[in-house]
2 protein chains.
Amino acid sequence: MRVSFMSHFRTQRYFRCCVYALGASAFFVGSRWALADTGIVGLINKPFSVSCASVPFVTKFPEINLKNWMCLPVSSVDQLQLSDECYRSKMEVLCMELQGRLCKEIEKIDRKAKFKVDKWERRAGGGGISCVLENGDVFEKAGVNISVISGNLSGQAVKEMRARHNEIDPNKECKFFACGISSVIHPLNPYVPTTHFNFRYFEVDLGNNRKCWWYGGGADLTPYYLFNEDAKHFHEQLKLACDQHDELFYPRFKKWCDNYFYLTHRGETRGIGGIFFDDLEDTSQEKVFSFVKSCAEAIIPAYLPIVEKRRHLKYTNKEREWQLVRRGRYVEFNLIYDRGTKFGLATPEARIESILMSLPRYAQWNYCYDSSQDPRNQSLIEVLKNPKEWV
Amino acid sequence: MRVSFMSHFRTQRYFRCCVYALGASAFFVGSRWALADTGIVGLINKPFSVSCASVPFVTKFPEINLKNWMCLPVSSVDQLQLSDECYRSKMEVLCMELQGRLCKEIEKIDRKAKFKVDKWERRAGGGGISCVLENGDVFEKAGVNISVISGNLSGQAVKEMRARHNEIDPNKECKFFACGISSVIHPLNPYVPTTHFNFRYFEVDLGNNRKCWWYGGGADLTPYYLFNEDAKHFHEQLKLACDQHDELFYPRFKKWCDNYFYLTHRGETRGIGGIFFDDLEDTSQEKVFSFVKSCAEAIIPAYLPIVEKRRHLKYTNKEREWQLVRRGRYVEFNLIYDRGTKFGLATPEARIESILMSLPRYAQWNYCYDSSQDPRNQSLIEVLKNPKEWV
């Protein structure tokens, strides 16, 4: 598999600019969790090593089964059933599966709140499905959004892409297709970390039956109180997904993640990282798709056992305050640095509510907040300032 | 007075980039309010027209009187006493006066909370005084910050400035001086608007006893519930300040303000505007300084009577929620669009806490918040989408 390791800042920009400039609002991929039938509730209070060990790592997505999804897909079901030959459809099915599975698992854990399902259309082609749950007993705000868009690349977008994909002719419009899933989950309890992931596929028609394509994505964890075993578990699951395809992937994508989710003005990372990659391409598309699928399939077993393990811990107003202060940092990252958000917001006709779904329900800014009052705050800041190898 | 009306986006950028790249964190100017002695408490519940009429518009700042200030100034008092000949000193005195006056008036209104006074030094030259009050009975968060910095302009900063000030040689370092005051005041009661103002002076040494200089600044109001008479009063006070110097100023700077404080992705302004200007220069520095001083002197009579008038209105959780949702928009503006904040955050050694003092203590983001539930929300949004002539 050939992975382009040019500056991730530039490659990020090329991808996102093009996608967002064309109206996609938020990007994201599908996964399924093996414990769906037995439920994750059974994991509560069991030793962590046991609960993790009991999560089979890779579970193939089933054939199309509409009842697993949150609503009808953006593309027609007939078209998606061609997925064995068509990577656009395979990616859309992956997104639909992960969205459906994750939303249902979240509702099962929360018990109180339900996802609001907003299906939207894009005038220039395609559309999306935004699923957002708010004010739950466990989840304060959880969004799992899909975009499936297509159309023509503008001259500017083509120009932005050319430095990477110089097979694209800057003098003519190119047809493009982009499909992705993106999710941010903010639990209520300060002991339960926030998580974010997104996976996306991009395809550009070069004319004369030629095309270029690439994948991008990643997942990261943002705890408010650091539990080393949770950080280790999250990274272990992602490493397993990577190692199946190339043992060089995890260390590279872990570092990329630490570099990307970095607040320069604070001198700290957004959270304890995970993996992040872009511009994945290869002579075999099946190889790359299969890697992205493994990552997507790792999301639920990487995150939900941590939710189950920490959701019942008692907390005070002081701990809630620290969480809101840290959520302020999350807002800072998303509005100041995140290229997807920035390009999304700058895009005419973008669906703002889907893009800003990533922001927490509440955030707080105190002048010169004294984080030294709790040594646990310092432990967290220490790993944010000096990213750690968790596995 | 010659005012450069090239694209304000560019001129903003030139100024701010240079100032912030050199480590100033927040910029701001001084003013004094005539009713200081009688107190503004007497204005409560009186008809607005009377209270406004009773505020003499311009009040000269007194000679230096250290007890009016929040602490000792950044420059030595001896140096500031040369202020009749030196515009650097005159500006610093203006800033100190307004900071002192405003902070004391705010404490008088609040009764409970006191300003925390943080004096800081900049390694490369100068420093600042950040005054922040939090968790008051009337004010949730109020910051009034001064910066007085000097040093050498980097090659990059010079390059950024040249398009305007082409008398500056890009091939050599220039000495610069920047002094400003910046303030954001977030009251607790949703019926009391947030206000922001900043005034700043910039000077570049061109060598051979030549220099160039300019002023910038502005003030704007962000209500959560719209009272036409408050908006009118605020604009009237600023217009009076402008009209004393040039009747073309208010309409120009009012429009500039509406254009600058605009959230493109929301299609609305941050608030109901005010005035905003940059790159003010003239053959007579006294003229420009005098205009900036008038604007600075208008701040307290423009804003505090509104605080007094609305602070006792009863409000519910629903109204508080709407305020926090709108404060989310304030955060969006400051982190996504405000050039001062952006350059400040990107500056090595910047004082982050002073820059982000402008963020509200609490903000909220709800997915697809239903603002139509209260017709008053719609009235506000209407004027944010279609800026109005208030006077």
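All values derive from a computational prediction rather than experimental measurement. (Residues numbered from 1 in each chain as written. Chains lettered and ligands numbered in written order. Predicted model: local features only at pLDDT ≥ 70, side-chain atom pairs only at ≥ 80, totals over all residues. Heavy atoms only, no water.)

### Topic: the overall build of chain A
Then comes step 1: From N to C terminus, chain A includes 12 helices and 11 strands.
Then comes step 2: Every one of the 391 residues in chain A was classed for burial, and the buried ones make up 64%.
Then comes step 3: Taking the contacts inside chain A whose residues are at least 6 apart along the sequence as the reference set, 75% of them involve residues at least 24 apart.
Then comes step 4: Entry remark: accessible area of chain A is about 14,400 Å², with carbon and sulfur atoms responsible for 48%. (Helix = DSSP H or I, 4+ residues; strand = E, 2+ residues; numbered from the N terminus. Buried < 20%, exposed > 50% of the residue type's maximum accessible area, 1.4 Å probe, protein only. Contact = heavy atoms within 4.5 Å. Areas by Shrake-Rupley, 256 points an atom, 1.4 Å probe, with all protein chains shown as cover.)

### Focus on the packing of aromatic side chains
Then comes step 1: Scanning the entire structure with this criterion turns up 48 aromatic pairs over all chains.
Then comes step 2: Here the aromatic rings of B:Y260 and B:F276 are separated by 4.3 Å at their centres, their planes lie at 10°, and the arrangement is stacked. One end of the pair, B:Y260, is in helix α7 (residues 249-260); the other, B:F276, is in strand β10 (residues 274-281), with 16 residues separating them in the sequence. For the pair formed by B:Y260 and B:F276, the shared burial category is buried.
Then comes step 3: Feature note: the residues A:F197, A:F199, A:F249, A:F253, A:W256, A:F277 and A:F291 constitute an aromatic cluster, connected by ring pairs.
Then comes step 4: One Lys or Arg, A:R310, reaches over the ring of A:F227 and ends 3.8 Å from the middle of that ring. (Phe/Tyr/Trp six-rings, centres within 6.5 Å; stacked < 30°, edge-to-face > 60°. Lys NZ or Arg CZ within 6 Å of the ring centre and 35° of its normal.)

### Some remarks on the packing of helix α9 (residues 317-337) of chain B against helix α10 (residues 339-346) of chain B
All names here are of chain B.
Then comes step 1: Relative orientation of the contacting elements α9 and α10 amounts to 60°, with a least axis distance of 6 Å. When the axes of α9 and α10 are compared, the pair comes out oblique. Counting all contacts with α9, which are made through N334, L335, I336 and Y337, the residues of α10 involved are R339, T341, K342 and L345. (Axes fitted to C-alpha atoms, helices over the stretch in contact; angles between N-to-C directions. Parallel < 35°, antiparallel > 145°, perpendicular 65-115°, else oblique.)

### Overview of the relation of the copies chain A and chain B
Then comes step 1: Its rotation angle being 180°, the transformation that places chain A on chain B also includes 0.0 Å of axial translation and leaves an RMSD of 0.0 Å. The superposition of one copy onto the other is thereby described by a two-fold rotation axis.
Then comes step 2: Interface overlap between copies is the fraction of interface residues in one copy that are interface residues in the other; for chain A against chain B it reaches 100%, indicating a shared surface. (Least-squares fit on C-alpha atoms with pLDDT ≥ 70 in both.)

### Quick look at the layout of surface pockets
Any space left empty among the atoms is revealed by the rolling of a water-sized probe across them.
Then comes step 1: Its boundaries defined by the atoms lining it, the largest pocket holds a volume of some 830 Å³.
Then comes step 2: Looking at the lining of the largest pocket, its residues break down into 20 nonpolar, four polar and six charged. (1 Å grid on protein atoms, 1.4 Å probe; cavity = no way out; pocket = protein on both sides within 12 Å on 5 of 7 lines; lining within 4 Å. Points joined across faces, edges and corners; volume = space filled by probe spheres on them. Nonpolar A, V, L, I, M, F, W, Y, C, P; charged D, E, K, R; others polar.)

### Structural notes on the pairing of strand β4 (residues 139-153) of chain B
Residue and element names in this part refer to chain B.
Then comes step 1: For β4, the tally of buried residues reaches 13 of 15 residues, placing the bulk of the element in the interior.
Then comes step 2: Here strand β3 (residues 126-134) runs beside β4; their pairing, made up of nine bridges, is antiparallel. Residue S130 lies in a different strand from β4, and its bridge partner there is N145.
Then comes step 3: Between the antiparallel neighbours β3 and β4 lie four residues, among them N135 with a positive phi of about 55°.
Then comes step 4: Here β4 runs beside strand β5 (residues 174-187); their pairing, made up of 14 bridges, is antiparallel. Residue pairing across strands places V144 opposite S183, the latter belonging to β5. (Pairing = 2+ DSSP bridges.)

### Some details on the side chain of A:K90
Residues and elements named next belong to chain A.
Then comes step 1: Mapped onto the fold, K90 is located in helix α4 (residues 87-110).
Then comes step 2: Take K90: its relative accessible area is 13%, and that puts it in the buried class.
Then comes step 3: Setting aside anything within four residues of it in sequence, one finds K90 in contact with S83, D84, E286 and F289.

### As for the state of the cysteines
Then comes step 1: As enumerated under the stated definition, the model contains zero disulfides over all chains in all.
Then comes step 2: In this structure A:C131 is a free cysteine whose sulfur lies 4.2 Å from that of A:C103, the closest cysteine sulfur available.
Then comes step 3: Here A:C131 falls in the buried class, since its relative accessible area comes to 0%.
Then comes step 4: No disulfide involves B:C368; its sulfur sits 12 Å from that of A:C131, the nearest cysteine. (Disulfide = S-S within 2.5 Å.)

### Details of the environment of A:T316
Residues and elements named next belong to chain A.
Then comes step 1: Following the sequence through the fold, T316 ends up in the loop between α8 (285-310) and α9 (317-337).
Then comes step 2: A residue is classified by how much of its surface remains accessible, and T316, at 44% relative accessible area, is partly exposed.
Then comes step 3: Residues T316 and G100, spaced 216 residues apart in sequence, show a C-alpha to C-alpha distance of 34 Å.

### Observations regarding unusual backbone geometry
Residues and elements named next belong to chain B.
Then comes step 1: In the Ramachandran plot, R111 falls in the positive-phi region, its phi being about 70° despite a non-glycine side chain.
Then comes step 2: Secondary-structure assignment places R111 in the loop between α4 (87-110) and β2 (116-121).
Then comes step 3: With a phi close to 50°, C368 is a non-glycine residue in the positive phi region.
Then comes step 4: Its location among the elements puts C368 in the loop between β11 (362-364) and α12 (375-385).
Then comes step 5: Classification of C368 by relative accessible area gives partly exposed; the value is 29%.

### Describing the side chain of A:R361
Then comes step 1: Looking at where A:R361 falls in the secondary structure, it is placed in the loop between α11 (352-355) and β11 (362-364).
Then comes step 2: Separated by 3.2 Å, the side chains of A:R361 and A:E134 make a polar contact.
Then comes step 3: Residues contacting A:R361, with those up to four places away along its chain left out, are A:E134, A:N135, A:E140, A:K141, B:E321, B:A363, B:Q364, B:W365 and B:N366. (Polar contact = N/O pair within 3.5 Å; in protein donor to acceptor, adjacent residues only side chain to side chain.)

### A word on α8(A)
Residue and element names in this part refer to chain A.
Then comes step 1: Between its first and last C-alpha atoms α8 spans 39 Å; for 26 residues at 1.5 Å apiece the expected length is 38 Å, and the two agree.
Then comes step 2: At A298, α8 shows its strongest bend, of approximately 30°, with the proline P301 following within four residues.
Then comes step 3: Within α8, 22 of the 26 residues are buried, which leaves it mostly tucked inside the rest of the structure. (Expected span 1.5 Å × (residues − 1). Bend = angle between axes of the 7 residues up to and from the residue.)

### Focus on the environment of A:D282
Residue and element names in this part refer to chain A.
Then comes step 1: You can see D282 is positioned in the loop between β10 (274-281) and α8.
Then comes step 2: A relative accessible area of 12% means that D282 is categorised as buried.
Then comes step 3: Note: C-alpha distance between D282 and E247 (35 residues apart in sequence) is 16 Å.

### Here's the deal with the pairing of strand β6 (residues 194-207) of chain B
All names here are of chain B.
Then comes step 1: Across the 14 residues of β6, 12 count as buried, placing the element largely inside the fold.
Then comes step 2: Where β6 lies against strand β7 (residues 210-222), 13 bridges are found, and the strand directions are antiparallel. Bridge assignment links N198 to a residue of β7, and that residue is G218.
Then comes step 3: Hairpin geometry of β6 and β7 is characterised by an intervening segment of two residues between the two adjacent antiparallel strands and by a positive phi of about 50° at N208.

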